[in-house]
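# A look at the structure
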Amino acid sequence: MYKFLIYISYPYSIPIGKPLQEEIERRGYNIYWFSDLENTKQYFSENEKILHTVKEVMEYNPDIVLTATDNVAYFFPGIKVQIFHGFLSNKRQEMNAHFKIRGFFDLYTTQGPSTTEIFQQLAKKHGYFEIIETGWSKVDPLFPIVQKTITPKPVILISSTFTTRLSLAKNELVYEEIKRLSNTGKYQFLCVLHPKLEEDVKSKFKKLENENFNYFDTTDLTPLFIKADIMFSDTTSAIVEFLLQEKPVVTFRTKKPFEHLIDVTEVNEIEKAINLALTKPDYVMKAIRDYIEYTHPYFDGKSSARIIDASIAFLNKNKSHLKSKPWNLIRKYKVRKLLNYYKFW
């Protein structure tokens, strides 16, 4: 009977862990959650079993720690498996973080060739961890893809990152254009903003609510992805999740305007781009399909099962060929300082 722990920091990691929890429970194994940030615990539902203190985790003594974080409590029992907390969205800082090796993890489960190829090179260089491509647990609920229900008005999902220089939600002219478009009656807007955005920004968009505009305060975006025909966004990693449905995305001044995106740089181009996206141009759809194959070529909704299989296999295999992890003293100190709230030592 294997014992699993899902280790997270922020609420947006909960939808990453839920499909894993369901797969673990389906197999009859033990599963608990732990968050190293106290505020995150209010976002758990009654379906998640939570360990509140370091002492409780040590007594639980997990075999496998599945982490949707960059760092982890290295002194927790069990192998440490990193499950990424987002797709690459081509923000320089985020890309550097995505491939940064912090010395905590034994196994990385990658989403597709775009991450696997680089991590395989890093595994060869460092020698103390392994890589296996599994797909990403968070997008399991998207599959199998079902045909969207036809609606009287096209449904547009608005999403935004929290980085000020990239966030469309913080651009006053974009905000006014969204307000104008919502009042035309031509479109049905659904809006969800990054949880790290300032409350005053969120409040502005909440005030736009009318019969054509609905605001959602949630970290579970999958139901909104399914309802929408297209997305209007900037550089958030939610774009990649949405694209997996083979639905177009209009971006406003995205960091890297690849062919699979319909990017605009001026506010007066937004409506035209939205109308173009709704026609699903052949050249855009081909680019989207090519991008999916490189990013996440799994359409069976079984990435969680592959992650669990990979974790158990790694736990039980001979690991004598792996080098010892680095001392990592500064990062270890920071982890202990973060968890000092729990007064375990």
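Note: the structure precedes this text.
Residues numbered from 1 in each chain as written. Predicted model: local features only at pLDDT ≥ 70, side-chain atom pairs only at ≥ 80, totals over all residues. Heavy atoms only, no water.

This brings us to the sheet that holds strand S12 (residues 262-264). Sheet architecture is open: six strands sit in the order S9-S8-S7-S10-S11-S12, paired in parallel fashion. The open sheet has two free edges, formed respectively by strand S9 (213-215) and S12, since each of these has just one partner strand. Neighbour-to-neighbour, the strand axes of this sheet turn through a mean angle of 20°, independent of strand direction. Two strands pair when backbone bridges link them, and strand S11 (residues 249-252) and S12 are joined in this way by three bridges, in the parallel orientation. When the bridges of S12 are listed, Phe252 appears paired with Val264. (Pairing = 2+ DSSP bridges. Helix = DSSP H or I, 4+ residues; strand = E, 2+ residues; numbered from the N terminus. Axes fitted to C-alpha atoms, helices over the stretch in contact; angles between N-to-C directions.)

The subject of this paragraph is unusual backbone geometry. Here the amide bond leading from Phe143 into Pro144 is cis, since omega sits at -5°, within 30 degrees of zero. Its location among the elements puts Pro144 in the loop between strand S6 (130-133) and strand S7 (155-160). The residue Arg253 is not glycine, and still its phi comes out positive at about 50°. Among the structural elements, Arg253 can be located in the loop between S11 and S12. Even without being a glycine, Asn328 presents a positive backbone phi close to 60°. Relative to the helices and strands, Asn328 is located in the loop between helix H11 (303-316) and helix H12 (329-338). The buried category is assigned to Asn328, whose relative accessible area is 13%. (Buried < 20%, exposed > 50% of the residue type's maximum accessible area, 1.4 Å probe, protein only.)

Before going further, it helps to spend a moment on the pattern of salt bridges. Applying the stated criterion across every chain, the model contains 21 salt bridges. As a salt-bridge pair, Arg102 and Asp70 come within 3.8 Å of each other at their nearest N and O atoms. Pair noted here: Arg102 is in the loop between helix H3 (92-98) and strand S5 (107-110) and Asp70 is in the loop between strand S3 (64-67) and strand S4 (79-83), with a separation of 32 residues, a long-range link. The salt bridge involving Lys317 is made with Glu130; its shortest N-O contact spans 3.0 Å. Of this pair, Lys317 sits in the loop between H11 and H12 while Glu130 is found in strand S6, placing the two residues 187 residues apart along the sequence. Three or more residues are tied together by salt bridges with common partners; here these are Glu23, Arg26, Arg27 and Asp309. (Salt bridge = Lys/Arg side-chain N within 4 Å of Asp/Glu carboxyl O.)

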